[in-house]
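Each chain, written out:
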Number of protein chains: 2
Amino acid sequence: MAAAEWSRRSQSLKGVILDMCGVLYDSGAGDGVAIPGSVEAVQRLKQSDLQLRFCTNETQASRETFVAKLNRLGFDISVDEVFSPAPAAVALLKERGLRPHLLVHHGLLPEFESVEQKDPNCVVLGDAAEFFSYQNLNQAFRVLMGLEAPLLFSLGQGRYYKEGDGLNLDVGVYMKALEFACDVKAEVIGKPSSMFFHSVLRDMGLQPHEVLMIGDDLVNDVGGAQSCGMMGVQVRTGKYRQSDESHASVRADGTEADLRRAVDLLLVHRDAPRTSS
Amino acid sequence: MAAAEWSRRSQSLKGVILDMCGVLYDSGAGDGVAIPGSVEAVQRLKQSDLQLRFCTNETQASRETFVAKLNRLGFDISVDEVFSPAPAAVALLKERGLRPHLLVHHGLLPEFESVEQKDPNCVVLGDAAEFFSYQNLNQAFRVLMGLEAPLLFSLGQGRYYKEGDGLNLDVGVYMKALEFACDVKAEVIGKPSSMFFHSVLRDMGLQPHEVLMIGDDLVNDVGGAQSCGMMGVQVRTGKYRQSDESHASVRADGTEADLRRAVDLLLVHRDAPRTSS
């Protein structure tokens, strides 16, 4: 689909959801680096008539720590604009009276402080990175095998993400590992889960067709949003790969160089008069 | 199927293949422990008219080290009677001119000494156990993603095995992880691969219908053998679980308490005169 096409269709939009890692910034040593033009792109969206939310599958740090990092990189973002899997998981665990065994990054533990964790009756998996040791994965496996009906939650299902110069394995890979080991199907909390996108839409008070998702992950950002009835545009930053543009099942509504370019195209038609077509 | 039934059918057999871990011994601290009656059961098979081979997916140690352990446990077994995935992998790598990046247990490295490993163009995965760190798995992932066509070999595809009091994740779990991460299908070397079973049959000079496989793993031992046309009997030791007896796709020709009992039933009809039925 030509850039002009999605941009023209975007005139009726009332809101935008932005993925964060790979769209706003690239992770790496320390805080990582802002992707050129993205700080200004966020500013321009905030000054427009569009509602704006951020939606991340980041689960290595609490939202507070994560947003503080984004602020240091120059982004004007507050915690209540950011949707991430951990708070959604906490709400779900409490609602169902579940006690998780957590296999998550130490940085995420503060999010689960209010949840009872003794005598676990489920396992919650996050992007534990270096905490995905054989011992830790085996411990989670043994908890699951000790349950009458193994219950596994995964905070996202990403395959990998880019950090510095290299690709790093993401939580979805370990989710698949435990699914196979225990012969269970995990329940995914976070993108691309419809429940997760709908919680963001509810917060915006908008319908799916009124909202555009912009992300670097074709399946989890673009595909997930489209499954909910939203438009999905992919940017060629972060984990984008050329092969995404000929993917077997997901086709983005548009593919743009970066967030700056996508926001240019999104806003160009908003001040211009509507042309008959 | 009643015990008597497979036992009666076994009269026409000319050979037996035994799985090792969970059938001959239970792994655990040090050498582990022989399963009661199994040392004598192996002796009785060796004194019978049946040919005998051992077939293991063990990949934590070289065959030499592994067989020495079995000998210390009291078993009369020699290296050339044992079939394991690493030598099969080495033969295949040389035949195809492949240079592996190895993600295997340090104990297995001697098996691969004769194989060129610089500038890898494939990944070979073994039961690396504690060497399955996040860093090591990520390194194997990056090698695969750096190849034009990722090529992954897995020494077995087991889900878990029993060690001492607990279950431990096996190589198949990490195979599934990398398959998902790289969107590839691994080539399995070892049980339940038909190629692997056929190499044992060739060595025995027997046809599949002349051979019985006895193992504790319903899918990889029993199912794998049956797929080749052999009979497969499961023992209720090692990783056996009650649920195996109502498995969706694999049904053992017989299920017996342990190797001693299986050998009792196997040999009882060999000296007795054939009865008309």
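Residues numbered from 1 in each chain as written. Chains lettered and ligands numbered in written order. Predicted model: local features only at pLDDT ≥ 70, side-chain atom pairs only at ≥ 80, totals over all residues. Heavy atoms only, no water.

- Identification of chain A as Phospholysine phosphohistidine inorganic pyrophosphate phosphatase from Knipowitschia caucasica is taken from an unreviewed UniProt entry.
- As its UniProt record puts it under Cofactor (unreviewed entry), chain A is described as follows: "Mg(2+)".
- Quoted verbatim from the Catalytic activity (unreviewed entry) heading of the UniProt record, the comment on chain A is "diphosphate + H2O = 2 phosphate + H(+)". (UniProt positions renumbered as here; feature names shortened; annotations may be inferred.)

1. Considering the overall build of chain A
Here is step 1 of the chain: A tally of helices and strands in chain A yields 9 helices and 14 strands.
Here is step 2 of the chain: In summary, chain A has a C-alpha radius of gyration of 19 Å against a globular reference of 19 Å for 277 residues, a match within 12%.
Here is step 3 of the chain: The buried share of chain A, taken over its 277 residues, is 58%.
Here is step 4 of the chain: Taking the contacts inside chain A whose residues are at least 6 apart along the sequence as the reference set, 65% of them involve residues at least 24 apart.
Here is step 5 of the chain: Working note: accessible area of chain A is about 11600 Å², and carbon and sulfur atoms make up 47% of it.
Here is step 6 of the chain: Positive and negative side-chain charges of chain A, numbering 28 and 37 respectively, have mean locations separated by a distance of 4 Å. (Helix = DSSP H or I, 4+ residues; strand = E, 2+ residues; numbered from the N terminus. Rg over C-alpha atoms; globule rule 2.2 N^0.38 Å. Buried < 20%, exposed > 50% of the residue type's maximum accessible area, 1.4 Å probe, protein only. Contact = heavy atoms within 4.5 Å. Areas by Shrake-Rupley, 256 points an atom, 1.4 Å probe, with all protein chains shown as cover. Lys, Arg positive; Asp, Glu negative; His and termini not counted. Charge placed at Lys NZ, Arg CZ, Asp CG, Glu CD.)

2. Considerations on the interface of chain B and chain A
Here is step 1 of the chain: The interface of chain B with chain A comprises 30 residues on the first partner and 30 residues on the second.
Here is step 2 of the chain: When chain B packs against chain A, the two sides together hide about 2600 Å² of surface, and 66% of this comes from carbon and sulfur.
Here is step 3 of the chain: Three residues, Tyr134(B), Leu169(B) and Phe180(B), lead the burial of chain B against chain A; their summed loss comes to 29% of the area buried on that side.
Here is step 4 of the chain: Applying the counting rule to chain B against chain A returns 0 salt bridges.
Here is step 5 of the chain: The tally of links from chain B across to chain A stands at 17 residue pairs in polar contact (both at pLDDT 80 or more).
Here is step 6 of the chain: Going through the elements one at a time, α5 (134-145), β9 (160-163), β10 (166-169) and α6 (171-182) of chain B are the ones with two or more residues in the side of chain B that touches chain A.
Here is step 7 of the chain: It is α6(B) that provides the largest number of residues to the side of chain B that touches chain A, a total of 8 residues.
Here is step 8 of the chain: The residue makeup of the side of chain B that touches chain A, split by class, is 16 nonpolar, 8 polar and 6 charged. (Buried area = accessible area lost by both parts, 1.4 Å probe. Salt bridge = Lys/Arg side-chain N within 4 Å of Asp/Glu carboxyl O. Polar contact = N/O pair within 3.5 Å; in protein donor to acceptor, adjacent residues only side chain to side chain. Nonpolar A, V, L, I, M, F, W, Y, C, P; charged D, E, K, R; others polar.)

3. Some details on the side chain of Asp216(A)
Residues and elements named next belong to chain A.
Here is step 1 of the chain: Here Asp-216 lies in the loop between β12 (211-215) and α8 (218-227).
Here is step 2 of the chain: Buried within the structure, Asp-216 lacks any salt-bridge partner; its nearest side chain of opposite charge belongs to Lys-239, at an N-O separation of 5.5 Å.
Here is step 3 of the chain: A distance of 2.9 Å separates the side chain of Asp-216 from the backbone nitrogen of Lys-239, its partner in a polar contact.
Here is step 4 of the chain: Setting aside anything within four residues of it in sequence, one finds Asp-216 in contact with Asp-19, Cys-21, Gly-22, Val-23, Asp-221, Gln-234, Val-235, Thr-237, Gly-238, Lys-239 and Tyr-240.

4. Some remarks on the relation of the copies chain B and chain A
Here is step 1 of the chain: Aligned on chain A, chain B shows an RMSD of 0.0 Å; the corresponding rotation is 180° and the shift along the axis is 0.0 Å. In short, the pair behaves as if placed about a two-fold rotation axis.
Here is step 2 of the chain: Most of the interface of chain B is mirrored in chain A, where 100% of its interface residues again form contacts. (Least-squares fit on C-alpha atoms with pLDDT ≥ 70 in both.)

5. Structural notes on the pattern of salt bridges
Here is step 1 of the chain: Throughout the structure, instances matching the rule amount to 36 salt bridges over all chains.
Here is step 2 of the chain: Across the salt bridge formed by Glu245(A) and Arg236(A), the nearest N and O atoms sit 2.8 Å from each other.
Here is step 3 of the chain: The class for Glu245(A) is partly exposed, based on a relative accessible area of 35%.
Here is step 4 of the chain: For Arg236(A), a relative accessible area of 39% gives the class partly exposed.
Here is step 5 of the chain: Linking Glu256(B) and Arg261(B) is a salt bridge whose minimum nitrogen-to-oxygen distance equals 4.0 Å.
Here is step 6 of the chain: Glu256(B) gets classed as buried once you look at its relative accessible area, which sits at 5%.
Here is step 7 of the chain: A network of salt bridges, in which partner residues are shared, links Asp19(A), Lys191(A) and Asp221(A).

6. Quick look at the side chain of Asp244(A)
Residues and elements named next belong to chain A.
Here is step 1 of the chain: Checked against the element boundaries, Asp-244 lands in the loop between β13 (231-235) and β14 (254-256).
Here is step 2 of the chain: Although Asp-244 is buried, it forms no salt bridge, and the closest oppositely charged side chain is Arg-159 at an N-O distance of 6.4 Å.
Here is step 3 of the chain: Ignoring sequence-local partners within four residues, the contact set of Asp-244 consists of Leu-218, Gln-234, Lys-239 and Val-250.

7. Looking at the sheet that holds β14(A)
All names here are of chain A.
Here is step 1 of the chain: Taken in spatial order, the 6 strands line up as β5-β4-β1-β12-β13-β14 in an open sheet, and their pairing is parallel. For this open sheet the edge positions go to β5 (82-83) and β14, each flanked by a neighbour on one side alone.
Here is step 2 of the chain: Here 4 bridges tie strand β1 (residues 15-18) to β12, and the two strands are oriented parallel to one another. Each residue of the ladder has a partner; that of Val-16, found in β12, is Leu-212.
Here is step 3 of the chain: Contacts between helix α2 (residues 38-47) and the sheet are confined to β1 and β4 (51-55), with β4 contributing the most and set at about 140° to the helix. (Pairing = 2+ DSSP bridges. Axes fitted to C-alpha atoms, helices over the stretch in contact; angles between N-to-C directions.)

8. Comments concerning the packing of helix α6 (residues 171-182) of chain A against α6(B)
Here is step 1 of the chain: Between α6(A) and α6(B), the shortest axis-to-axis distance is 8 Å and the interhelical angle comes to 140°. Viewed along their axes, α6(A) and α6(B) adopt a mutual orientation that is oblique. You can see that α6(A) and α6(B) cross each other, and the crossing is right-handed. Across the interface between the two elements, Gly172(A), Val173(A), Lys176(A), Ala177(A), Phe180(A) and Ala181(A) from α6(A) touch Gly172(B), Val173(B), Lys176(B), Ala177(B), Phe180(B) and Ala181(B) from α6(B). (Parallel < 35°, antiparallel > 145°, perpendicular 65-115°, else oblique. Left-handed = near helix turned anticlockwise from the far one by under 90°.)

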